[in-house]
Amino acid sequence: MANLEFQMQMQDQNQPPEQGKQPAQASGFSGILKRSSHPTAIIFHYLFKALAVLCYFFLGIFTNNYTLIFILVVLLSAFDFWTVQNITGRLLVGLRWRNQVNEDGSEQWVFESFGEQTQSNSVDVYAFWIGVVAMPLIWGIFLLANILTFDLFWSMLMLVCLVLSGVNMMGYYKCRKDHKQKLAGLLKQGAFNAAMRV
């Protein structure tokens, strides 16, 4: 009898799945990471953001040293700024921006787009843009709350974090706009070349 049950279980395991049924996809953050092309980049895209917010809210429970909290939150926001600007933007959406100082002292925004990476999957693109847009909004809300409570010390911290995340958001917005203009120019040039051959 046990042998018969064992054979029936083995037959069930060896049968292909029924037509039309898809395997269940994992939900939540683990599901996002499984569908991502660059799960490590997504983790680091949100890691420093989350650590900065958590330090701002909860580090005061463990220490009364507000200067330490200020410095840690600024450092984590700076780490986030650098990571988003130099790594996750390039990997997740194929874009990168930088501010270049010319010999005459003038500044110039330089936008880069990486051809093979502009076809990123939608999970990577949404994860990137949600993080880039959400952080200035979060720091802006915290700044407004601190201004309304007349807390100058924490308002300065929120202003620093807002500027760091806001510059990243503005840089990537301009970079995406520049990339779309370059693509449109390439399409026009390709259509013109095709028309000239005819």
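Located above this text is the structure these notes cover.
Note that this is a predicted model, so its numbers are computed, not measured.

Peer 1: Hey, could you run me through the overall build of the chain in this one?
Peer 2: For the chain, the helix and strand inventory stands at six helices and two strands. When the helices and strands of the chain are placed in sequence order, the string is α-α-α-α-β-β-α-α. Counting the 198 residues in the chain, one finds 30% classified as buried. Within the chain, counting contacts between residues at least 6 apart in sequence, those at least 24 apart form 67% of the total. Of the roughly 13400 Å² that the chain leaves accessible, carbon and sulfur atoms contribute 65%.

Peer 1: Would you mind going over helix H4 (residues 66–92) with me for this structure?
Peer 2: Bending of H4 peaks at approximately 50 degrees at the position of Val 84. Where H4 begins, one side-chain oxygen reaches toward the backbone nitrogen of Thr 67, 3.3 Å away; that side chain belongs to Asn 65. Gly 94 sits one or two residues past H4 and shows a positive phi near 75 degrees.

Peer 1: Please explain the nonpolar core as it appears in this structure.
Peer 2: The nonpolar side chains of a soluble globular protein tend to be buried, and buried together. Counting 18 residues, the largest nonpolar core has Tyr 56, Val 73, Trp 139, Phe 142, Leu 157 and Met 158 as the members making the most contacts within it. Of all the elements in the fold, those that place two or more residues in this core are helix H3 (39–62), H4, helix H5 (122–148) and helix H6 (152–197). If one sorts the elements of this core by residue count, H3 sits on top with six residues. Counting residues in each nonpolar core, the second largest holds 17 residues, with Ala 41, Ile 42, Trp 129 and Tyr 172 among its members.

Peer 1: Help me understand unusual backbone geometry, please; the structure alone is not making it clear to me.
Peer 2: As a rule of thumb, non-glycine residues mostly have phi less than zero, and peptide bonds are mostly trans rather than cis. One non-glycine residue, Phe 150, lies in the positive phi region at around 55 degrees. With respect to the helices and strands, the residue Phe 150 is situated in the loop between H5 and H6.

Peer 1: Is there a simple way to explain the pairing of strand S1 (residues 95–101) in this structure?
Peer 2: Here is the key point about a regular strand: its side chains alternate between the two faces of the sheet. Where S1 lies against strand S2 (residues 107–113), seven bridges are found, and the strand directions are antiparallel. Within the sheet, the bridge partner assigned to Arg 96 lies in S2 and is Glu 112. With antiparallel pairing between neighbouring strands as the criterion, S1 and S2 make up a hairpin whose turn holds five residues, including Gly 105 at a positive phi of roughly 95 degrees.

Peer 1: Looking at this model, I keep getting lost on the environment of Phe 142. Mind explaining?
Peer 2: Take Phe 142: it is sitting in helix H5. For Phe 142, a relative accessible area of 16% gives the class buried. In this structure, the C-alpha to C-alpha distance between Phe 142 and Leu 162, residues 20 residues apart in sequence, is 9.3 Å. With residues up to four places along the chain from it excluded, the contact list for Phe 142 reads Val 53, Tyr 56, Phe 57 and Met 158.

Peer 1: Would you mind going over the packing of aromatic side chains with me for this structure?
Peer 2: One pair of aromatic rings is described through two measures. These are the centre distance and the angle between the planes. Within the structure shown, the criterion is met by 16 aromatic pairs. Arranged with centres 6.3 Å apart and planes meeting at 50 degrees, the rings of Phe 57 and Phe 58 form a pair that is tilted. The exposure class of Phe 57 is partly exposed, given its relative accessible area of 44%. Ring geometry for Tyr 66 against Trp 154: centres 5.7 Å apart, planes inclined by 85 degrees, an arrangement best described as edge-to-face.

Thresholds applied
- Residues numbered from 1 in each chain as written.
- Predicted model: local features only at pLDDT ≥ 70, side-chain atom pairs only at ≥ 80, totals over all residues.
- Heavy atoms only, no water.
- Helix = DSSP H or I, 4+ residues; strand = E, 2+ residues; numbered from the N terminus.
- Buried < 20%, exposed > 50% of the residue type's maximum accessible area, 1.4 Å probe, protein only.
- Contact = heavy atoms within 4.5 Å.
- Areas by Shrake-Rupley, 256 points an atom, 1.4 Å probe, with all protein chains shown as cover.
- Bend = angle between axes of the 7 residues up to and from the residue.
- Polar contact = N/O pair within 3.5 Å; in protein donor to acceptor, adjacent residues only side chain to side chain.
- Core = buried A, V, L, I, M, F, W, Y, C linked by side-chain atoms within 4.5 Å.
- Pairing = 2+ DSSP bridges.
- Phe/Tyr/Trp six-rings, centres within 6.5 Å; stacked < 30°, edge-to-face > 60°.

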